[in-house]
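Residue strings, one per chain:
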Amino acid sequence: MLHNNPNAISARQENGSAQSPIRVNAHNEWDPLEEVVVGIIDNARFPRKDHVLKTDIALETNQSIHDDIEIPDIPDFVIEETREDLDIFAGEMEKMGITVHRPGVIDTQRKVASPFWETEQFYNYCPRDVLMTVGDMIIESANIFPSRYFEAYAYRDLLLRCLEGGSRWIAAPRPRLRAIDCNTDARVKAILNTADPAFDAANVIKAGKDLFYLISSSGNEAGLKWLRNTLRGEYRVHACPGLYTGMHIDTTITLLRPGLVLVNPERVNEDNLPEPLKKWDVIYAPEMEEYAYSDLPPLCSAWLGLNLFMINPNLAVVDAHQKALIKLLEKHKIDVLPLKLRHGSPLGGGFHCVTLDIRRRGGKEDYFS
Ligand code: ABU
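This text gives an overview of the structure that appears in the document. (Residues numbered from 1 in each chain as written. Predicted model: local features only at pLDDT ≥ 70, side-chain atom pairs only at ≥ 80, totals over all residues. Heavy atoms only, no water.)

Considerations on the pattern of salt bridges
Link 1 in the chain: This model, assessed by the stated rule, comprises 26 salt bridges.
Link 2 in the chain: Of the charged contacts in the structure, one is a salt bridge between aspartate 73 and arginine 48, with a shortest N-O distance of 3.1 Å. Taken together, the residues aspartate 73 in the loop between α2 (51–60) and α3 (76–95) and arginine 48 in the loop between β1 (33–38) and α2 connect sequence positions 25 residues apart.
Link 3 in the chain: Relative accessible area serves as the criterion here: at 54%, aspartate 73 is assigned to the exposed category.
Link 4 in the chain: On the basis of relative accessibility, which here comes to 33%, the residue arginine 48 falls in the partly exposed class.
Link 5 in the chain: Several salt bridges share partner residues, and in doing so they unite Arg23, Asp136, Arg168 and Glu234 into one network. (Salt bridge = Lys/Arg side-chain N within 4 Å of Asp/Glu carboxyl O. Helix = DSSP H or I, 4+ residues; strand = E, 2+ residues; numbered from the N terminus. Buried < 20%, exposed > 50% of the residue type's maximum accessible area, 1.4 Å probe, protein only.)

Listed below in structure tokens is the structure:
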């Protein structure tokens, strides 16, 4: 059902329990989770007018951006099964005593515009892409797709509660995303060619005082510079170039616990592994089990199994299809809660993508000294 009322953005949260203040505390990818956001699938449609998304699809499928790029409809059963999978995931975390927040519902077909473009909006399935928590700070990222320009508004009530709780809240400057900022040369494996800082929050993972920033199509050098300058004196932001030209870091490097990292064997090797992680034990992910529950094309790479979500240093939520990966994690003394996101790949993300950790027990440590 389409929720047409633009004022419905925060209906869920406003009708919910008392709006108590929240103190953001998220220093790494593994400390015991206390509070989290899980994405939603309401009103999910692929935006048809987003020229950067079209460029991405054209580059991925070797089409010209001048071609009539075909954007599929998302069948109702995909929406319903995804709602079910997300609710099961959220419910499992609630059973563990973790507080779960959900984004507000937006009318994705309502057009939005800047001086440079007009488009429909993306759906709120991946909070990980638009918001980043670092210590007591929450950062709105500078996303590369115009259809995601206003996506953080779906979290505005939550952000206000974080502000009330004493958290720092900042937003990166928005890139212009003009037509001329899009790459049209399929040989250059980057969607954008812009001097403006542009990065998805999911280009970054955190390990205490150290953050790792993937240079890719969804995260440019200027975005790295903005993050480094903004966090100067507080964090070391390590550039991760030459690993993966696609999108996010969370199908390439997965931090499991202090001293243990899981990497993608097609992208990462002893030489290009980010320098600080060379001090850690490295495990290489096994081949991924491939599957599809619909005819929709994948939006993610075949390595979505690495996109697992740590509940604490000894427990991971992992795609139940990935039996070999589960075995490997168990061998390293990590228990696994196997769950499904049947349509994760065509919709754009796995368990790490559909979450945003708001609060984990623990403080800011140096894991590399
Ligand atoms: N965060 C989703 C991963 C997308 C990718 O395969 O690059």
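A short note on the site of the ligand
Link 1 in the chain: Close contacts around the ligand come from Tyr244, Met247, His248, Asp250, Thr251, Cys300, Ser301, Asn307, Gly348 and Cys353, and that covers them all.
Link 2 in the chain: Between the ligand and the protein, one listed contact pairs a nitrogen atom with a side-chain N or O atom of aspartate 250 at 2.9 Å.
Link 3 in the chain: Residues belonging to the shell around the ligand are distributed by class as follows: four nonpolar, five polar and one charged. (Near = heavy atom within 4 Å. Polar contact = N/O pair within 3.5 Å; in protein donor to acceptor, adjacent residues only side chain to side chain. Nonpolar A, V, L, I, M, F, W, Y, C, P; charged D, E, K, R; others polar.)

Quick notes on a negative patch on the surface
Link 1 in the chain: A surface patch of negative charge is lined by Glu266, Glu287, Glu289 and Glu290.
Link 2 in the chain: Secondary-structure assignment places glutamate 289 in the loop between β13 (281–284) and β14 (309–312).
Link 3 in the chain: For glutamate 289, a relative accessible area of 45% translates into the label partly exposed. (Patch = residues over 30% accessible without salt bridge, like charges linked within 9 Å, V, L, I, M, F, W, Y side chains within 5 Å. Areas by Shrake-Rupley, 256 points an atom, 1.4 Å probe, with all protein chains shown as cover. Lys, Arg positive; Asp, Glu negative; His and termini not counted. Charge placed at Lys NZ, Arg CZ, Asp CG, Glu CD.)

A word on the sheet that holds strand β11 (residues 253–257)
Link 1 in the chain: Spatially, three strands are ordered β11-β12-β13 in an open sheet, and the strand pairing comes out mixed. Each end of this open sheet is capped by a strand with a single partner; those strands are β11 and β13. For this sheet, the mean inter-axis angle between neighbouring strands, taken without regard to orientation, is 25°.
Link 2 in the chain: In this sheet, β13 lies alongside strand β12 (residues 260–263) in parallel orientation, the contact comprising four bridges. Its bridge partner being in β13, valine 261 is matched across the sheet by valine 282. (Pairing = 2+ DSSP bridges. Axes fitted to C-alpha atoms, helices over the stretch in contact; angles between N-to-C directions.)

Focus: the sheet that holds strand β5 (residues 131–134)
Link 1 in the chain: Across the sheet, three strands lie side by side as β5-β6-β7; this open sheet has mixed pairing. The open sheet has two edge strands with one neighbour each: β5 and β7 (168–171). Each strand axis lies, on average, 20° off the axis of its neighbour in the sheet, ignoring direction.
Link 2 in the chain: Alignment of β5 against strand β6 (residues 137–140), held across four bridges, turns out to be antiparallel. Paired with threonine 133 across the strands is isoleucine 138, a residue of β6.
Link 3 in the chain: Sheet contacts for helix α5 (residues 156–164): β5, β6 and β7; angle to β7, the most-contacted strand, approximately 135°. (Contact = heavy atoms within 4.5 Å.)

Things to note about the packing of aromatic side chains
Link 1 in the chain: Counted according to the given criterion, the structure contains 15 aromatic pairs.
Link 2 in the chain: Their ring planes at 75° and their centres at 5.0 Å tell us that tryptophan 30 and tyrosine 367 sit as a pair that is edge-to-face. With tryptophan 30 in the loop between α1 (11–14) and β1 and tyrosine 367 in the segment after β17 (355–360), this residue pair connects regions lying 337 residues apart in the sequence.
Link 3 in the chain: Of the residues examined, tryptophan 30 reaches a relative accessible area of 1% and is grouped as buried.
Link 4 in the chain: With a relative accessible area of 19%, tyrosine 367 lands in the buried category.
Link 5 in the chain: With 4.3 Å between their ring centres and 15° between their planes, phenylalanine 122 and tyrosine 123 make a pair best called stacked.
Link 6 in the chain: In this structure phenylalanine 122 comes out as buried when scored by relative accessible area, which is 8%.
Link 7 in the chain: Through pairs of rings, three or more aromatic residues link up here, namely Trp30, Phe212, Trp280, Tyr367 and Phe368.
Link 8 in the chain: Between the NZ or CZ atom of arginine 267 and the centre of the ring of tyrosine 244, over which it lies, the distance is 3.4 Å. (Phe/Tyr/Trp six-rings, centres within 6.5 Å; stacked < 30°, edge-to-face > 60°. Lys NZ or Arg CZ within 6 Å of the ring centre and 35° of its normal.)

So, unusual backbone geometry
Link 1 in the chain: Non-glycine residue leucine 177 carries a positive phi angle of around 55°.
Link 2 in the chain: With respect to the helices and strands, the residue leucine 177 is situated in the loop between β7 and β8 (204–207).
Link 3 in the chain: Overall, leucine 177 belongs to the buried group, its relative accessible area being 1%.
Link 4 in the chain: Even without a glycine there, the phi angle at lysine 333 is positive, about 65°.
Link 5 in the chain: Relative to the helices and strands, lysine 333 is located in the loop between α7 (323–331) and β16 (335–339).

Digging into the nonpolar core
Link 1 in the chain: Ranked by size, the top nonpolar core spans 37 residues in total, and within it Ile253, Leu255, Leu256, Leu262, Leu277 and Leu308 carry the most contacts.
Link 2 in the chain: Discounting residues that sit within four places of it in the chain, leucine 255 has contacts with Glu29, Trp30, Ile205, Lys206, Ala207, Leu260, Val261, Leu277, Trp280 and Met310.
Link 3 in the chain: Ranked by size, the runner-up nonpolar core spans 34 residues in total, among them Leu33, Ala58, Ile71 and Leu86. (Core = buried A, V, L, I, M, F, W, Y, C linked by side-chain atoms within 4.5 Å.)

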